[in-house]
Amino acid sequence: MKRILIILLTTVILSAGVIAAQKGGKRRPANRAATAADQARAAMIQTDRDFAKAGAAKDLNAFLSFVADDVRLFPDGAMATGKPALRAMWEGGFKDPDWSIHWAPVAGEACSAGDLGYTTGSYEMHSQGSDGKAVVRRGSYVTIWRKQADGTWKVALDIGSAAPQSATTLPAPEKRVE
């Protein structure tokens, strides 16, 4: 009987440890210092949230302040390079009173050196179609961030992937990023 009780108790303790590890995800132990990658990941996610606020506010100059001069993007499947190309791509939407964009990062990773990484999440754009009806486009994105000499993070590469219009599986991003 004593042996069965010890086996049962050991099984419960080990199971609790496995469950706690699974729920904890990638959390680091309290006694381990944050690595450069941990710090970079947190900084990139916060920078992406701030970038989203500039986009939601339709402040083109603030929006562009988050972007590297040599940014690369892929409008209509072709690569474009530089802030002027990005400005040309977004300027019309920012001026259109019926257009808006909201996005939110849901994950991010950084290299061990803490100077390059990515964030990914979902976005939602609203506009008015040529027929006057509201159009909502949703999709996912990945943004590659590069740490600058002054310690700020800038978008080096931005890629969005629109979901099919009939898709409803993507979560709508938060309307307000905090």
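This text gives an overview of the structure that appears in the document.

1. Some remarks on a nonpolar patch on the surface
Moving on, step 1. Taken together, Phe74, Met79 and Ile159 make up a surface patch of nonpolar side chains, about 260 Å² in accessible area.
Moving on, step 2. Looking at where Met79 falls in the secondary structure, it is placed in the loop between β1 (67-73) and β2 (80-81).
Moving on, step 3. Taking the relative accessible area as the measure of exposure, Met79 reaches 47% and is therefore partly exposed.

2. Quick look at the nonpolar core
Moving on, step 1. Membership of the largest hydrophobic core comes to 27 residues, with the highest contact counts inside it found for Phe51, Phe63, Leu86, Trp90 and Trp103.
Moving on, step 2. Among the secondary structure elements, those contributing two or more residues to this core are α2 (36-56), α3 (60-64), β1, α4 (83-95), β3 (100-110), β4 (116-128), β5 (134-147) and β6 (153-162).

3. A word on the packing of aromatic side chains
Aromatic ring pairs: the centre-centre distance and the angle between the two ring planes describe each pair.
Moving on, step 1. As enumerated under the stated definition, the model contains ten aromatic pairs in all.
Moving on, step 2. Aromatic pair Phe51 and Trp103: ring centres 5.0 Å apart, planes at 75°, arrangement edge-to-face. One end of the pair, Phe51, is in helix α2; the other, Trp103, is in strand β3, and 52 residues separate them in sequence.
Moving on, step 3. Phe51 sits in the buried class, given a relative accessible area of 6%.

4. Focus: α4
Moving on, step 1. Taking 1.5 Å of rise per residue, the 13 residues of α4 would be expected to cover 18 Å, and the 17 Å separating its terminal C-alpha atoms lies within 8% of that figure.
Moving on, step 2. At Met89, α4 shows its strongest bend, of approximately 35°.
Moving on, step 3. Among all positions of α4, only Leu86, Trp90, Gly93 and Phe94 are buried.
Moving on, step 4. Contacts from the buried residues of α4 go to α2, α3, β1, β3 and β4.

5. Comments concerning empty space enclosed by the protein
Moving on, step 1. With the rule as written, the count across this model stands at one cavity of 30 Å³ or more.
Moving on, step 2. Of the pockets and cavities examined, the largest cavity occupies roughly 30 Å³.
Moving on, step 3. As for the largest cavity, its lining consists of Phe51, Phe63, Val67, Val71, Leu86, Val155 and Asp158.
Moving on, step 4. Of all elements in the fold, only β1 and β6 reach the threshold of two or more residues within the lining of the largest cavity.

6. So, the pattern of salt bridges
Moving on, step 1. For the structure shown, the criterion picks out four salt bridges.
Moving on, step 2. Note that Asp69 and Lys83 form a salt bridge whose closest N and O atoms lie 3.7 Å from each other. Taken together, the positions of Asp69 in strand β1 and Lys83 in helix α4 put the pair 14 residues apart, joining distant regions of the chain.
Moving on, step 3. Asp69 gets classed as exposed once you look at its relative accessible area, which sits at 60%.
Moving on, step 4. On the basis of relative accessible area, Lys83 is assigned to the partly exposed category, the value being 23%.
Moving on, step 5. Taking the shortest distance from any N to any O, the salt bridge between Arg138 and Glu124 comes out at 2.7 Å. Of this pair, Arg138 sits in strand β5 while Glu124 sits in strand β4, placing them 14 residues apart in sequence.

Parameters and conventions
- Counting restarts for each chain, with residues numbered from 1 along the sequence as it is written.
- Since the coordinates come from a predicted model, pLDDT governs what is reported: local features require at least 70, and pairs of side-chain atoms require 80 or more to be given and counted, while whole-chain, interface and lining totals use all residues.
- Excluding hydrogens and water, the side-chain figures rest on all heavy atoms present in the structure.
- Every patch collects residues that have over 30% relative accessible area and no salt bridge, joining them within 9 Å if they carry like charges and within 5 Å if they are nonpolar side chains (Val, Leu, Ile, Met, Phe, Trp, Tyr).
- Here, Shrake-Rupley sampling with a 1.4 Å probe gives the accessible areas, and only protein chains in the shown set may cover a residue.
- Each reported salt bridge corresponds to a side-chain nitrogen of Lys or Arg within 4 Å of a carboxyl oxygen of Asp or Glu.
- A helix here means a DSSP run of H or I that spans at least four residues, while a strand means a run of E at least two residues long, and both kinds are numbered starting from the N terminus.
- Burial classes: relative accessible area under 20% of the type maximum marks a residue as buried, over 50% as exposed, and values in between as partly exposed (1.4 Å probe, protein chains only).
- Only buried residues count toward a nonpolar core. Its members are Ala, Val, Leu, Ile, Met, Phe, Trp, Tyr and Cys residues joined through side-chain atoms within 4.5 Å.
- Stacked, edge-to-face and tilted are the three classes for Phe, Tyr and Trp ring pairs, Trp counted by its six-membered ring, which pair at centre distances within 6.5 Å; planes under 30 degrees apart are stacked, over 60 edge-to-face, the rest tilted.
- Here the expected length of a helix is defined as 1.5 Å per residue gap, with one fewer gap than residues.
- The quantity called bend is, for any residue, the angle between two axes fitted respectively to the seven residues ending at it and the seven beginning at it.
- The contact rule is simple, with two residues in contact once any of their heavy atoms fall within 4.5 Å.
- Buried and open spaces are told apart on a 1 Å grid over the protein atoms alone, a cavity being a set of points where a 1.4 Å probe fits but cannot get out and a pocket being an open set with protein on both sides within 12 Å along at least five of seven lines. Residues with an atom within 4 Å of a point are the lining residues.
- Grid points are joined across faces, edges and corners, and a volume is the space filled by probe spheres set on the points.

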